Amino acid sequence: MGYERRERRYGRRFPPKPVEMGKEYDAKIEEISRRGEGIARIKGLVTFVPNTKPGDRVRIRITRISRRFAEAEVVGKAGEAEKAEEAEEEESEEESEEESEEESEEESEFFILLSSSSSPTTSIIKVSSSPIN
């Protein structure tokens, strides 16, 4: 009896799914199902999205994957996540630029204490450095 490893073949029946559970995708709702849910196609896979209508562009999160279809929930409008990420990046860049400018523009003050063993007096000198423009 020979136990051979069979090659896994994905015929026409059930190929690997182009989506993953929990991942978010931008989708356009193309049709309405018999149950009244919006239908989007993500890389060819039919995805049912409740509370949508044809023409909606939405950001969806996959909640269930079946053999022939997937189900998803609406997370927001399509492109909102990208815009939010871009805005956060711009804010962080601006903050880092402001901090570096503040550090370079700040005046630094130093105090030097002068004393000698031969003289009974002590002198304090204030030294400040300012940015050169």
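From a predicted model like this one, the values you see are computed outputs, not experimental measurements.

Overall, mixed pairing links the six strands, which are arranged E1-E5-E6-E4-E3-E2 in an open sheet. Whereas interior strands pair on both sides, the edge strands pair on one side only; in this sheet they are strand E1 (24-28) and strand E2 (31-32). Relative to strand E3 (residues 38-42), E2 runs antiparallel, the two being bridged by two bridges. Bridging across to E3, Glu31 finds its partner in Ile39.

What follows covers the nonpolar core. Val19, Tyr25, Ile42, Ile60 and Ile62 are the most contacted members of the largest nonpolar core, which totals 13 residues. Secondary structure elements with two or more residues in this core: E1, E3, strand E4 (45-49), strand E5 (57-65) and strand E6 (69-77). In terms of residue count, the dominant contributor to this core is E5 (three residues). Leave out the neighbours within four places in its chain, and Val19 touches Tyr25, Ile42, Leu45, Ile62, Ile65 and Ala70.

Cut-offs applied
- Residues numbered from 1 in each chain as written.
- Predicted model: local features only at pLDDT ≥ 70, side-chain atom pairs only at ≥ 80, totals over all residues.
- Heavy atoms only, no water.
- Pairing = 2+ DSSP bridges.
- Helix = DSSP H or I, 4+ residues; strand = E, 2+ residues; numbered from the N terminus.
- Core = buried A, V, L, I, M, F, W, Y, C linked by side-chain atoms within 4.5 Å.
- Buried < 20%, exposed > 50% of the residue type's maximum accessible area, 1.4 Å probe, protein only.
- Contact = heavy atoms within 4.5 Å.

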